[in-house]
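# Overview (structure and organization)
Here are the chains, one letter per residue:
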Amino acid sequence: MRVATQSLYRGIQQNILRLSSELKKIEDKVSSGKNFNRPSDNPVAVVNSLGLRGTLARIEQYQKNLQTGNQWLDMNETVLEQVSSLAARAQDIALQLSSGTQTAEVRAAAVSEIDHLLGEAIGLGNTQLNGKYIFGGYRTAIPPFARSVSGGIESVYYQGDGNDFQVRIGPNETITAGKNGETVFMDSNLFAGLLDLKQAIADNDQTAIEEQSTILQEATDYFNAQVSDVGIRQSRLKIKGEIFGQFNLQLQNQVDDLENVDYSQAILELKEKQTAYEVALAAAAKISEVSLLNYL
Amino acid sequence: MQVISTILNIAQGALQASQMAMQTISHNIANVNTPGYTRQKAVLEPQSPYTLDRLKFGLGVKVDSVVQFFDAFTTRTIHQNTSTLKEYETKASVLSYVESLWNEMGGSSLGQTLGEFWNAWQGVANNPGGMTERAALLEKSKILTQRFNSLSNELEGIERNMKTNLQMGMEEFNQITKEIANLNERILAAESSPTTANDLRDQRNRLLEELSGWVDISYLEDSNGMVMVQTSEGMLLVNGNRNWDLSFEENSIYRNGVPSDVSEELTGGELGGWLDIRDEIIPQYAANLDELAGTLIQQVNTLHTAGYALSGSTGVSFFQDFLTPPSVPSAADFRGAAAYISLSSDVLGHPENIAAGGVSGEPGDNENALNIAAIQTDGTLTIRKWAIEDRGRSLTSSLETGTLDDYYQSRIGEMGILSEEMNENQDFVQSLLTRLEEVRDSVSGVNLDEELTEMMKAQHAYEAASKIIAVVDEMLQSLMQLR
């Protein structure tokens, strides 16, 4: 085929341009460390990586949610353990007093201790976490438990509501991080038990003291059951946390594999292109040397 | 004596022919790098012989014509591919700009801000009474709505740029068609004597190639040597010495000032590319972005209005509520939602009005916040996906089921695929054009070595003819010395 002089140069020009654009692509890769910098570089991989990054961001949020859940449950655990031992202590007192007739002094001391325990139990019921009352259901701004005396009869009443605090720990999964005070305290009859016990001791009513001892025993069991219930939920969060931790690591690895340049390969490619580019430049220089003019 | 003077005439004719051949060769050499130049050649022919005593004697050489080595078929193919290449180039460059607007692989992209928005809702769910979390949610929402607004704004900006391009393009376009009509006339005049107007034809071909870069055309040369040019859709642009101007007015393209839009007659080339971008590609991106924003407003507001603010009030919108039809965006028609989306005046600056509560305004109630955060992973949403084709005359929508993220990521994927496709098409047509140009140049292009050889041939012929004159001179002298 006849070759026009212009074609020779055009060929060189276009090859050099093509090689330099390929060279730039690889240089971009190597310098940015990324396999792709825009969707068109590799649409399928980009969509994959967007999906992975989305999941990663969600998991990081779930991990934060787990922290919130753990805070609540840890606080619950501490409080419930204390309340349980408090109930046990009250039962102890009841047992001691039911064993025989006591002096007025002993009874007065017992009454004051029970009263003190009641105050402490109410205080525990009004535990705050970051300024929120955790046993008030959704009413976290006001102390859920209060004492009142009407007509000479003392009582403890609940001013929270019956809702439990949920934390999201997965796409379609929530966990109860805090149960309401109705369930936790009122259903245990602890307050009523303590009040009745106080009254019974004051009245020196042996049968009533024994009755309250049973009620307090039941309350202790009830709180212990709740402690283990909290424990179950804590271990559920722990497992979730481990899963998310592993998942997070895996996803991070996948994102890295997908997005990050394999340097050994990229640098090899870069070398190849550089050589090709140099050869093309050298050829360009040679071509302009060859001409009939040299021999005329 | 007669024979001797004939020899002198032959030698003189040979000198002249060699000079003419040299002239053509130097013209070729001079134009070795001129784009669109077609190599020429002086065609030598023997003079008609004369008869003497039943014998035929040749009368030397003459230049019959100067022809050009023109490859009409390849040239036409090159013109067609030029318009395809320009169309792809135009689209590829705009698409690459759109990609960088979305900046999906970098920070603060729409996808990322959307994720942060949902996470902020979960933050509120973790501490529904906390003002810090509520304020953070409002901040993230503001960033999200602004991202929607600015993307929608940028897309509009591209549409506006296309209009400016079209307006400017028209002027150059008209200049070219006018020039072609003008050359038609000059070629007609030049070729009225039996010769070809080689260089004028080169100029005209060059202009036809340039015009092909603007729009896909077809052309036909009539017996007078004038070309008739029309768009591939059949709209006449040049006929004889006449051309028809296009003008861009009020988003329409008029021909010859007649107020009726002829843009559908223009396909391919830069003009066709700009029109496709203006009427198909960008509107489709905008429409799908609107669907995303509209679905977000709808889903969030439906739950939010049912929830309770800290004050216990309910029925509050989170995002500015839809307009009443026929205004858009409305609950049924999300057009313009991406530009419209903003926080409602009830929650803007009032974090306490965020309806985190599902049953009450109590500070511990996080039910609604949990529900709203769950929209993120709700895979049962059905979102309209628009396909805009045929320069906006065909609008079809289909329903996609999935999460908002799924929908968004699919659109990004499609954007990447389209952009990749345009780049690949562009590379392909570019290399095809290079091949075609090589084929054309193998016929029409100047090869310096070839011209130099021709030059040597002409030079030697010239020297030989001069020698003849010298010899004839000697012959005449010896004749003179007879006596």
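Conventions adopted
- Residues numbered from 1 in each chain as written.
- Chains lettered and ligands numbered in written order.
- Predicted model: local features only at pLDDT ≥ 70, side-chain atom pairs only at ≥ 80, totals over all residues.
- Heavy atoms only, no water.
- Helix = DSSP H or I, 4+ residues; strand = E, 2+ residues; numbered from the N terminus.
- Rg over C-alpha atoms; globule rule 2.2 N^0.38 Å.
- Buried < 20%, exposed > 50% of the residue type's maximum accessible area, 1.4 Å probe, protein only.
- Contact = heavy atoms within 4.5 Å.
- Areas by Shrake-Rupley, 256 points an atom, 1.4 Å probe, with all protein chains shown as cover.
- Lys, Arg positive; Asp, Glu negative; His and termini not counted.
- Charge placed at Lys NZ, Arg CZ, Asp CG, Glu CD.
- Pairing = 2+ DSSP bridges.
- Axes fitted to C-alpha atoms, helices over the stretch in contact; angles between N-to-C directions.
- Domains from an automatic or database assignment.
- Expected span 1.5 Å × (residues − 1).
- Arc of directions from axis to C-beta.

### Digging into the overall build of chain B
Each helix and strand in chain B was counted, giving 10 helices and 12 strands. Taken over the C-alpha trace, chain B has a radius of gyration of 37 Å; the compact-globule value for 483 residues is 23 Å, which it surpasses by more than 25%. Summarising its shape, the C-alpha atoms of chain B cover approximately 145 × 45 × 30 Å along the three principal directions. Split into buried and exposed, the 483 residues of chain B put 47% on the buried side. Sequence separation of 24 or more characterises 68% of the internal contacts of chain B that already satisfy a separation of 6 or more. Total accessible area on chain B is roughly 22,100 Å²; 52% of this is exposed by carbon and sulfur atoms. A gap of 11 Å separates the mean positions of the 33 positive and 67 negative side-chain charges of chain B.

### Brief notes about the sheet that holds strand β6 (residues 227-231) of chain B
Residues and elements named next belong to chain B. A sheet is described by the order of its strands in space; here 4 strands give the open sequence β5-β6-β7-β8, paired in antiparallel fashion. Looking at the sheet topology across the chains shown, the edges are occupied by β5 (217-221) and β8 (242-243). Pairing between strand β7 (residues 236-239) and β8: 2 bridges, direction antiparallel. Bridge assignment links V238 to a residue of β8, and that residue is N243. In the packing of helix α4 (residues 131-190) onto the sheet, contacts are made with β6, β7 and β8, and the angle to β7 comes to roughly 30 degrees.

### Concerning the domain arrangement of chain B
It is common to give the size of an interface as the accessible area lost on bringing the parts into contact. When its domains are assigned, chain B resolves into domain 1 (2-69 + 446-482) and domain 2 (119-156 + 284-433). Relative placement of domain 1 of chain B and domain 2 of chain B: their C-alpha centres are 83 Å apart.

### Here's the deal with helix α3 (residues 104-125) of chain A
Residues and elements named next belong to chain A. An ideal rise of 1.5 Å per residue puts 32 Å on 22 residues; α3 measures up with 31 Å between its terminal C-alpha atoms. For α3, every residue scored as buried is listed here: R107, A110, I114, L117, L118, A121, I122, L124 and G125. Considered in projection along α3, the buried side chains sweep an arc of 155 degrees and stay on one side of the axis. Taken together, the buried residues of α3 touch α2 (43-98), β3 (145-150), β4 (153-158) and α5 (190-203).

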